[in-house]
Amino acid sequence: MYFGFTGKSLGIIDKVVAFLKISRKALYLILDVIGTAFIGIGAAWLTSKGVDQYSTYWDFSWIGMKTFILSPIFLILIGLILYAIAKSFQWIDNNQLFVENNNLNNKNNSLEQQMRGITEDKEILNKKLELAYRELVITWLSTTMKKLNINDSDTRATVYYCKDNQFYYVGRYSTNPQIGKANTNRVILNGGVISKAWTNREHIDLVGCPVFEQDQEAYYDYQNHNYGFSREKITTLGMKPCQYYAKRIDNRLEPIGIIVFECNRRNFNDNRVRTISKHCTEYESNLIGYIEKVREKESSKSSKDFGDVEKEFLDSFEEESHGK
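Rules used throughout
Residues numbered from 1 in each chain as written. Predicted model: local features only at pLDDT ≥ 70, side-chain atom pairs only at ≥ 80, totals over all residues. Heavy atoms only, no water. Helix = DSSP H or I, 4+ residues; strand = E, 2+ residues; numbered from the N terminus. Contact = heavy atoms within 4.5 Å. Core = buried A, V, L, I, M, F, W, Y, C linked by side-chain atoms within 4.5 Å. Buried < 20%, exposed > 50% of the residue type's maximum accessible area, 1.4 Å probe, protein only. Pairing = 2+ DSSP bridges. Polar contact = N/O pair within 3.5 Å; in protein donor to acceptor, adjacent residues only side chain to side chain. Phe/Tyr/Trp six-rings, centres within 6.5 Å; stacked < 30°, edge-to-face > 60°. Lys NZ or Arg CZ within 6 Å of the ring centre and 35° of its normal. Expected span 1.5 Å × (residues − 1). Arc of directions from axis to C-beta. Salt bridge = Lys/Arg side-chain N within 4 Å of Asp/Glu carboxyl O.

1. Remarks on the overall build of the protein
Thought 1: Scanning the protein from N- to C-terminus turns up 11 helices and 6 strands.
Thought 2: Considering only contacts in the protein between residues 6 or more positions apart, those separated by 24 or more positions represent 62%.

The following block contains the structure:
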């Protein structure tokens with residue numbers, strides 16, 4: 001049988017509490033106060049008259065017992081008993097609360113581990129989905145270039161999505177693996193072909209830019225003058241194109257990204273660019289869906305870290321615990 005104010009059945013104690021219409025905790029506090037008061041009053045009474053005055057009556061005769069009951073010693077004894085009862089019940093309650101608290105902590109730790117596992121699984125799944133959508137973008141680009149018969153090794157196509165005036169790499173394709181790999185994941189909206197296409201819906205540059213291998217100095221000057229690229233920036237580029245066609249990708253009325261076709265040689269002309277533009281317009285609906293999914297997965301990763309998710313979960317759990 002459990003004692004205390006932890007909600008366990010206490011038999012007659014419950015009946016007393018129900019009769020008095022007070023909580024068990026209040027009863028123990030009252031017993032504590034009464035016991036302490038009895039001890040204090042008895043001690044003061046005993047001190048004022050002296051212990052030797054009551055020593056002659058400490059026997060088992062009726063008169064001795066009557067005198068003992070009417071003495072401060074009896075009052076102190078009653079106080080000690082009441083104090084001991086109150087403290088015992090309080091200790092049992094505190095111990096029970098300690099056990100329940102440990103159980104809650106263990107459950108909390110278990111839920112925390114489960115939450116961490118769920119969060120890690122979710123991150124892995126999101127990463128796999130993101131990579132899958134990036135692969136779909138690359139597949140779309142490769143299919144487009146094959147359908148448009150763009151199979152030379154000097155050309156590549158790249159898709160970016162935009163967020164907070166910055167462009168993030170989504171996918172790239174070229175038959176030449178040297179220029180088909182990504183050399184940067186982010187481009188700031190501060191000039192260049194991408195910025196011009198973003199502002200004007202599309203940007204075409206087919207004849208103005210020199211071929212890098214033919215005149216490097218003229219290439220550096222042209223890039224700096226028209227696109228704001230420094231010599232140092234150009235030297236870091238994995239590809240130094242001389243022809244560009246860039247088109248903005250709009251999802252309904254919202255611009256979401258850019259597709260860029262680049263070539264190291266003079267392989268593009270006006271007819272080919274018109275063909276590319278028409279194809280992108282007709283078949284960009286799937287591309288828009290892929291870009292939105294990649295952007296969504298990236299945003300979900302950066303919106304909150306695991307600590308925030310974990311804290312939010314634990315806070316809600318604590319609120320539920322306190323509410324019960």
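2. Let's talk about the nonpolar core
Thought 1: Counting residues in hydrophobic clusters, the biggest one holds 27 residues, and the most contacted among them are Leu 141, Val 159, Ile 249, Ile 259, Phe 261, Ile 276 and Leu 287.
Thought 2: Of all the secondary structure elements, the ones that give two or more residues to this core are α5 (72–147), β1 (155–163), β2 (166–173), β5 (243–251), β6 (254–263) and α10 (270–303).
Thought 3: The biggest single contributor to this core is α10, with 8 residues.
Thought 4: Dropping the residues within four chain positions of it, Ile 276 is found in contact with Leu 148, Ile 150, Tyr 245, Phe 261 and Phe 268.

3. With respect to the pairing of β2
Thought 1: Of all 8 residues that make up β2, 7 are buried, and the element is covered over most of its length.
Thought 2: Sheet topology places β1 next to β2; 7 bridges connect them, and they run antiparallel. Bridging from a neighbouring strand, Val 159 pairs with Gly 171 of β2.
Thought 3: In this antiparallel pair of consecutive strands, β1 and β2, the connection spans 2 residues, and Asp 164 shows a positive phi of 55°.

4. Section: unusual backbone geometry
Thought 1: Located in the positive-phi region is Asp 164, a residue other than glycine, with phi close to 55°.
Thought 2: Here Asp 164 shows up in the loop between β1 and β2.
Thought 3: Asp 164 gets classed as exposed once you look at its relative accessible area, which sits at 65%.
Thought 4: The backbone of Asn 165 shows a phi angle near 60°, a positive value even though the residue is not glycine.
Thought 5: Within the element layout of this structure, Asn 165 appears in the loop between β1 and β2.

5. Things to note about the side chain of Ser 142
Thought 1: By the element assignment, Ser 142 lies in helix α5.
Thought 2: Judged by its relative accessible area of 12%, Ser 142 falls in the buried class.
Thought 3: A polar side-chain atom of Ser 142 sits 2.8 Å from the main-chain carbonyl oxygen of Thr 139.

6. Observations concerning the packing of aromatic side chains
Thought 1: Following the criterion strictly, the structure yields 8 aromatic pairs and no others.
Thought 2: Ring geometry for Tyr 161 against Tyr 168: centres 5.3 Å apart, planes inclined by 20°, an arrangement best described as stacked.
Thought 3: Through a chain of ring-to-ring contacts, three or more aromatic side chains come together here, namely Tyr 222, Tyr 227, Phe 229 and Tyr 244.
Thought 4: Directly above the ring of Phe 212 sits Lys 240, whose terminal nitrogen or CZ lies 5.2 Å from the centroid.

7. Things to note about helix α8 (residues 216–227)
Thought 1: Between its first and last C-alpha, α8 extends 16 Å over 12 residues, near the 16 Å set by a 1.5 Å rise per residue.
Thought 2: Buried residues of α8: Tyr 219, Tyr 220, Tyr 222, Gln 223 and Tyr 227, and no others. Taken down its axis, α8 places every buried residue within 165° of arc, on the same side. Across α8 from its buried face, at more than 90 degrees, point the exposed residues Asp 221 and His 225.
Thought 3: As for α8, its buried residues are in contact with α7 (192–200), β4 (202–205), α9 (231–235) and β5.
Thought 4: Immediately beyond the C-terminal end of α8, within one or two residues, lies Gly 228, with a positive phi of roughly 75°.

8. Topic: α5
Thought 1: The terminal C-alpha atoms of α5 lie 109 Å apart, and with 76 residues this matches the ideal 112 Å at 1.5 Å per residue to within 8%.
Thought 2: Two residues or fewer after α5 comes Asn 149, characterised by a positive phi angle close to 60°.

9. Description of the pattern of salt bridges
Thought 1: Taken as a whole, this structure holds 11 salt bridges when the rule is applied.
Thought 2: The closest approach of N and O atoms between Arg 116 and Glu 112, which form a salt bridge, is 3.3 Å. Remark: Glu 112 and Arg 116 occur in helix α5; sequence separation between them is 4 residues, near one turn of the helix.
Thought 3: Given a relative accessible area of 30%, Arg 116 falls into the partly exposed group.
Thought 4: Glu 112 gets classed as partly exposed once you look at its relative accessible area, which sits at 21%.
Thought 5: Arg 231 is the partner of Glu 217 in a salt bridge, and the nearest nitrogen-oxygen pair spans 2.7 Å.

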